[in-house]
Amino acid sequence: MNHTSSPQWAIDALKAANQVAKQAKQEGHHPFGAILLAPDMRTVLDRQGNIDTVNHAESTLARRAFGSFDANYLWQCTLVTTVEPCAMCSGTQYWANIGRLVYGLSERELLDLTGNHVQNPTMDLSSRAVFNAGQKKVEILGPVHEMLQEIIDLHAGFWDAPKKP
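Anyway, here's the lowdown on the structure attached to this text. (Residues numbered from 1 in each chain as written. Predicted model: local features only at pLDDT ≥ 70, side-chain atom pairs only at ≥ 80, totals over all residues. Heavy atoms only, no water.)

Time to look at the packing of aromatic side chains. Summed over the entire model, instances satisfying the criterion amount to 2 aromatic pairs. An angle of 90° between the planes, with centres 5.4 Å apart, marks the rings of Tyr94 and Trp95 as edge-to-face. Under the relative-accessibility criterion, Trp95 is labelled exposed at 66%. The side chain of Lys136 reaches across the aromatic face of Tyr94, ending 4.4 Å from its centre. (Phe/Tyr/Trp six-rings, centres within 6.5 Å; stacked < 30°, edge-to-face > 60°. Buried < 20%, exposed > 50% of the residue type's maximum accessible area, 1.4 Å probe, protein only. Lys NZ or Arg CZ within 6 Å of the ring centre and 35° of its normal.)

Quick look at the structure:
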């Protein structure tokens, strides 16, 4: 597979998001992490680890950002997340007016990792499909191939059991 290199700022931001995911995992939560970057694509405005199956890192962060920043400002910001946002999180990002998304691992790759795990019934629905159904053009960079292994390593062993019957 041939793909272009990702910008260094995106790789650096994903490394920071993966540290948030690592902390979430250490606290007993699913290993997902997200950060919100300011328009300069360097300043971290907020960070959030996964809380539970309905309070994902991305949707929680997007709701908090919407309550803290002007919509026009948010449109210039970037949501950076270790794994591509699910349909719920993509929709929340869209409605929060966060104009850019960077993710490491795709939703499809997550499904391959988790299988039919009872705590993560992953939908095989890309954020692109969700955003394309809307009227605003959210810019997307992902998956960031340079970060795949580092993100996958954090998930290693986490989804081994229990599976749905």
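On to the side chain of Glu107, then. Its location among the elements puts Glu107 in helix α5 (residues 107–114). Arg108 provides the closest opposite charge to the buried, salt-bridge-free Glu107, at an N-O distance of 9.3 Å. (Helix = DSSP H or I, 4+ residues; strand = E, 2+ residues; numbered from the N terminus. Lys, Arg positive; Asp, Glu negative; His and termini not counted. Salt bridge = Lys/Arg side-chain N within 4 Å of Asp/Glu carboxyl O.)

With 12 residues, helix α2 (residues 57–68) ought to run about 16 Å at 1.5 Å a step, and its terminal C-alpha atoms sit 16 Å apart, in line with that. Every buried residue belonging to α2 is among Ala57, Glu58, Ser59, Thr60, Leu61, Ala62 and Ala65, and all of these are buried. (Expected span 1.5 Å × (residues − 1).)

Our focus in this paragraph is unusual backbone geometry. The step from Gly142 to Pro143 runs through a cis peptide bond, and the omega angle for that step is -5°. Topologically, Pro143 is positioned in the loop between β5 (139–141) and α7 (148–155). A positive phi is found at Met41, a non-glycine position, where the angle reads about 60°. As for its position among the elements, Met41 is in the loop between β1 (33–37) and β2 (44–49). Taking relative accessible area as the criterion, Met41 reaches 23% and is therefore assigned partly exposed. The phi dihedral of Asn97 falls on the positive side, at around 75°, and the residue is not glycine. Position of Asn97 relative to the elements: it lies in the loop between α4 (87–96) and β4 (100–105).

Here the focus is the packing of helix α1 (residues 8–26) against α7. At a minimum axis separation of 10 Å, α1 and α7 run at an interaxial angle of 5°. When the axis of α1 is compared with that of α7, the two are roughly parallel. Facing α1, whose interface residues are Lys15, Asn18, Ala21, Lys22 and Lys25, α7 presents Glu150, Ile151 and Leu154. Classifying every residue of the contact of α1 with α7 by side-chain character gives 3 nonpolar, 1 polar and 4 charged. (Axes fitted to C-alpha atoms, helices over the stretch in contact; angles between N-to-C directions. Parallel < 35°, antiparallel > 145°, perpendicular 65-115°, else oblique. Contact = heavy atoms within 4.5 Å. Nonpolar A, V, L, I, M, F, W, Y, C, P; charged D, E, K, R; others polar.)

Think of a sheet as strands paired side by side through backbone hydrogen bonds, with each pair either parallel or antiparallel. Pairing is mixed in the open sheet, where 5 strands are placed in the order β2-β1-β3-β4-β5. Among the strands making up the open sheet, the edge pair consists of β2 and β5. Neighbour to neighbour, the strand axes of the sheet diverge by 15° on average, direction disregarded. The sheet contact formed by β1 and strand β3 (residues 78–83) spans 4 bridges and is antiparallel. Bridge pairing in β3 places Ala34 opposite Thr81. (Pairing = 2+ DSSP bridges.)

Turning to its location among the elements, Asn116 is positioned in the loop between α5 and α6 (127–132). With a relative accessible area of 36%, Asn116 lands in the partly exposed category. Counting along the chain gives 106 residues from Asn116 to Ala10, while the straight-line C-alpha distance between them is 30 Å.

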